[in-house]
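Working through the structure, step by step
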Amino acid sequence: KSSRVLGYYGLTAPPYKLDALEPYMSKRTLELHWGGYHHDYVESLNKQLKNSSLYGYTLEELIKITYNNGNPLPEFNNAAEVWNHDFFWESMQPDGDKLPWGGLLQQIEKDFGSFSNFKDEFMQSAMGLFGSGWVWLILKREEKRLAVVRTSNAVCPLVFDDIPLIALDMWEHAYYLDYKDDRRRYVSNFMNHLVSWHSATLRIARAEAFVNLGEPKIPVA
Amino acid sequence: VNVRCYFQLIPPPYPLSSLEPYMSQETVERHWGRHHREHLNSLNTHIAGSELNEMPLEEIVLASYNKGDCLPVFIHAAQTWNHDFFWQSMKPGGGGRPSGILLQLIERDFGSFELFLKEFKTAALTQFGSGWVWLTYKSNRLDVGNAVNPCPSAEDNKLVVAKTPNAINPLVWDYSPLLAIDVWEHAYYLDYENQRAEYISVFMDKLVSWDFVSSRLAMAFARDEERARKDASSSEEDDLVLADSAAREMFLDSDDDDSETE
């Protein structure tokens, strides 16, 4: 009798080597965070789905379905944490850009007043998060503007139908080996050395297919 | 500026290095000297000049819990209380088995000490996100003001394992906490990294202070007795109030009835 391996969702690797974020995020942290936590979330999710009727969804759909209007099903934590971590790895890059580019900088200046105001707000939001969770730069679909929000534990802005652009993991396992209780230094190194404005720019460009951020451009015949 | 220190940082009842090798000095120094201290400092800042500053810590926890609609000071008050309780839940050379009435109740309510261990460890392993896991003594009071437990029995007062997220603790449900394990990642990450299961096992096998748990159980019994006494005297007062509004004879009658049944 042959055994069958059921893998509904796979573990995606960060788009850089695990030591590439040194010295701001150590190889050991990445090994545990990606190879331990993220890996375990994928495994647990696949195990749960083995005996479940939730089949054939994309991960984003699965997150929205299992969020169940705020009464999460048992699969929600694992599904959302898999997605959040994927999104987090892709929110960073070695030698992250100093400034956003494309239309993103203008949009940040429009919605926060200035880039430095945005950075202050992001820092404050991160420092004000109590317990495990995430801080996000999102595009609010309805209001058509950027905002900084924080979420608890596994919750991600997809469940509110907003479009995330940047994620910062504020679970203690994300920074404790490298920064111990010095969260402020962790967040500021993330903002100044790790954040990938490249990813964020591509993400907002895709989002503009759904959210009109400017005056409509009517081609002249 | 006149700064008054309302609460002081209470050190663990043992040297910071004495839980080695199961909990490193560095972990205890950071956990007590930084995390715990910051909550205490924030607590003092919040209560300065507020009506909370005259209350004992437990009352601040309950008042600021505000029936689930927490005031900002709640997390600091509760985390200060939780950490004090956590340090006392451990001792150098701890672990082993409980004894006496505590062991009897554990066997009554969980089946055996081993089954209790299993339930406690599972709870500690599965608490998702930051939080705490507790052994508590559950009282049978219904905290709804105008109702009483229709069929009270001694069995209602039992030991239960409870998980709480972030800063919440079982005081807010009117339970009596007996033992706490901190499962915030800062409690074990330097020593155990992502091996939470090992941290929990070592905590139960080598660190837990069953003397402390027993002493808290005795306090819980004492609280029950005190409350029973208060309930009895307040129901006598109720009778008096009822009787006052009725005829004088009825007051005498009901008074006589009470003394006969007792």
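This section reports on the structure supplied with the text. (Residues numbered from 1 in each chain as written. Chains lettered and ligands numbered in written order. Predicted model: local features only at pLDDT ≥ 70, side-chain atom pairs only at ≥ 80, totals over all residues. Heavy atoms only, no water.)

1. Some thoughts on the overall build of chain A
The criterion, for reference: Numbering goes from the N terminus for both helices and strands, where a helix is a DSSP run of H or I of at least four residues and a strand is a run of E of at least two. Accessibility here uses a 1.4 Å probe with only protein chains present; expressed as a share of the type maximum, an area under 20% marks a residue as buried, one over 50% as exposed, and anything in between as partly exposed. Should any heavy atoms of two residues lie within 4.5 Å, those residues are counted as being in contact.
Tallying secondary structure elements over chain A gives 8 helices and 3 strands in all. Order of helices (α) and strands (β) in chain A, N terminus to C terminus: α-α-α-α-α-β-β-β-α-α-α. Looking at chain A residue by residue over its 221 residues, the buried ones come to 51%. At a minimum sequence separation of 6, the contacts of chain A that also span at least 24 residues come to 69%.

2. Side note on the environment of Leu-49 of chain A
Residues and elements named next belong to chain A. Relative to the helices and strands, Leu-49 is located in helix α1 (residues 27-50). Residues Leu-49 and Tyr-8 lie 41 residues apart in sequence; the distance between their C-alpha atoms is 7.7 Å. Each residue touching Leu-49, except ones within four places of it in the same chain, is listed here: Tyr-8, Tyr-9, Leu-54, Leu-62 and Glu-75.

3. Structural notes on the interface of chain A and chain B
By a widespread convention, an interface's size corresponds to the accessible area lost as its parts come together. Rule in force here: Summed over both partners, buried area is the accessible surface (1.4 Å probe) that two parts give up on being assembled. The salt bridge criterion pairs a side-chain nitrogen of Lys or Arg with a carboxyl oxygen of Asp or Glu, the two atoms within 4 Å. Here a polar contact is taken to be a pair of N or O atoms separated by no more than 3.5 Å, where protein atoms must pair a possible hydrogen donor with a possible acceptor and residues adjacent in sequence count only if both atoms sit in side chains. Put simply, Ala, Val, Leu, Ile, Met, Phe, Trp, Tyr, Cys and Pro go in the nonpolar bin, Asp, Glu, Lys and Arg in the charged bin, and everything else, Gly too, in the polar bin.
Facing the 19 residues of chain A at the interface are 20 residues of chain B. Buried surface at the junction of chain A and chain B, both sides included, amounts to about 2,000 Å², of which 56% is carbon and sulfur. A per-residue breakdown of the area chain A buries against chain B is headed by Phe-130, Glu-172 and Tyr-176 of chain A, which together make up 35% of the total. Across the salt bridge formed by Lys-180 of chain A and Glu-26 of chain B, the nearest N and O atoms sit 3.3 Å from each other. Counting the contacts that link chain A with chain B gives 10 residue pairs in polar contact (both at pLDDT 80 or more). Counting residues per element, the side of chain A that touches chain B draws most heavily on α1 of chain A, at 5 residues. For the side of chain A that touches chain B, the residue count by class is 8 nonpolar, 6 polar and 5 charged.

4. Digging into the sheet that holds strand β2 (residues 145-152) of chain A
Residue and element names in this part refer to chain A. What counts is decided by this rule: When DSSP finds two or more bridges between two strands, those strands count as paired. Axis angles are defined between N-to-C directions and span 0 to 180 degrees, where every axis is a line fitted to C-alpha atoms and, for a helix, only to the segment in contact.
If you trace the 3 strands from one edge of the open sheet to the other, you get β2-β1-β3, paired in antiparallel fashion. Two strands close off the open sheet at either side, each with one partner strand: β2 and β3 (163-169). Strand-to-strand, the axes of this sheet are offset by a mean angle of 20°, without reference to chain direction. Across 8 bridges, strand β1 (residues 133-140) lies against β2 in antiparallel orientation. By the bridge assignment for β2, Leu-139 is matched with Leu-146. Seen against the sheet, helix α5 (residues 115-127) touches β1, β2 and β3 and runs at an angle of roughly 15° to β2.

5. Focus: unusual backbone geometry
Put simply, Glu-22 of chain A and Pro-23 of chain A share a cis peptide bond, and its omega is -5°. As for its placement among the helices and strands, Pro-23 of chain A is situated in the segment before α1. Phi angles above zero are rare outside glycine, and Asn-68 of chain A is one such case at about 55°. Positionally, Asn-68 of chain A belongs in the loop between α2 (59-67) and α3 (76-89). Residue classification places Asn-68 of chain A among the partly exposed residues on the basis of a relative accessible area of 33%. With a phi close to 55°, Asn-66 of chain B is a non-glycine residue in the positive phi region. Along the chain, the position of Asn-66 of chain B falls in the loop between α2 (57-65) and α3 (74-88). Classification of Asn-66 of chain B by relative accessible area gives partly exposed; the value is 34%.

6. A short note on the sheet that holds strand β1 (residues 131-138) of chain B
Residues and elements named next belong to chain B. Strand order across the open sheet formed by 3 strands is β2-β1-β3, with antiparallel pairing between neighbours. Edge strands, defined here as strands with exactly one partner in the open sheet, are β2 (158-165) and β3 (176-182). When strand polarity is set aside, the average angle formed by the axes of neighbouring strands in this sheet is 20°. Relative to β3, β1 is paired through 6 bridges, and the arrangement is antiparallel. Bridging from a neighbouring strand, Trp-132 pairs with Asp-182 of β3.

7. Some thoughts on the pairing of β3 of chain A
All names here are of chain A. The buried fraction of β3 amounts to 7 of the 7 residues, a majority that puts the element mostly inside the structure. One ladder, built from 6 bridges, connects β1 with β3; its direction is antiparallel. Bridge pairing links Ile-138 to Pro-164 in β3.

8. Some words on the pattern of salt bridges
Across all of its chains, the model carries 17 salt bridges over all chains by this definition. Note that Asp-181 of chain A is salt-bridged to Arg-34 of chain B, the shortest N-O span being 2.6 Å. Placement of Asp-181 of chain A in the loop between α6 (176-179) and α7 (183-194) and of Arg-34 of chain B in helix α1 (residues 25-47) is noted, with the two residues assigned to different chains. What makes Asp-181 of chain A buried here is its relative accessible area of 15%. A residue is classified by how much of its surface remains accessible, and Arg-34 of chain B, at 40% relative accessible area, is partly exposed. Across the salt bridge formed by Arg-185 of chain A and Asp-182 of chain A, the nearest N and O atoms sit 3.3 Å from each other. Each of the salt bridges in this network shares a partner with another, and the network as a whole consists of Lys-180 and Asp-181 of chain A together with Glu-26, Arg-30 and Arg-34 of chain B.

9. Examining the packing of aromatic side chains
Residues and elements named next belong to chain B. Note the cut-off: Any Phe, Tyr or Trp ring, taking Trp's six-membered ring, that has another such ring centre within 6.5 Å forms a pair; planes under 30 degrees apart are called stacked, those over 60 apart edge-to-face, and the others tilted.
In this structure the tally under the stated criterion is 41 aromatic pairs over all chains. Look at Tyr-65 and Phe-74: their rings are 5.4 Å apart centre to centre, the planes differ by 55°, and that puts the pair in the tilted class. Assessed through its relative accessible area of 17%, Tyr-65 is described here as buried. On the accessibility criterion, Phe-74 (2% relative accessible area) is buried. Taking 6.2 Å as the distance between ring centres and 65° as the angle between the ring planes, the aromatic pair formed by Phe-116 and Trp-210 counts as edge-to-face.

10. Structural notes on the side chain of Gln-127 of chain B
Residue and element names in this part refer to chain B. Tracing the backbone through its elements, the reader meets Gln-127 in the loop between α5 (113-126) and β1. Residue Gln-127 is classed as buried on the basis of its relative accessible area of 8%. Beyond its immediate stretch of four places on either side in the chain, Gln-127 contacts Val-133, Lys-163, Thr-164, Pro-165, Val-183 and Arg-196.

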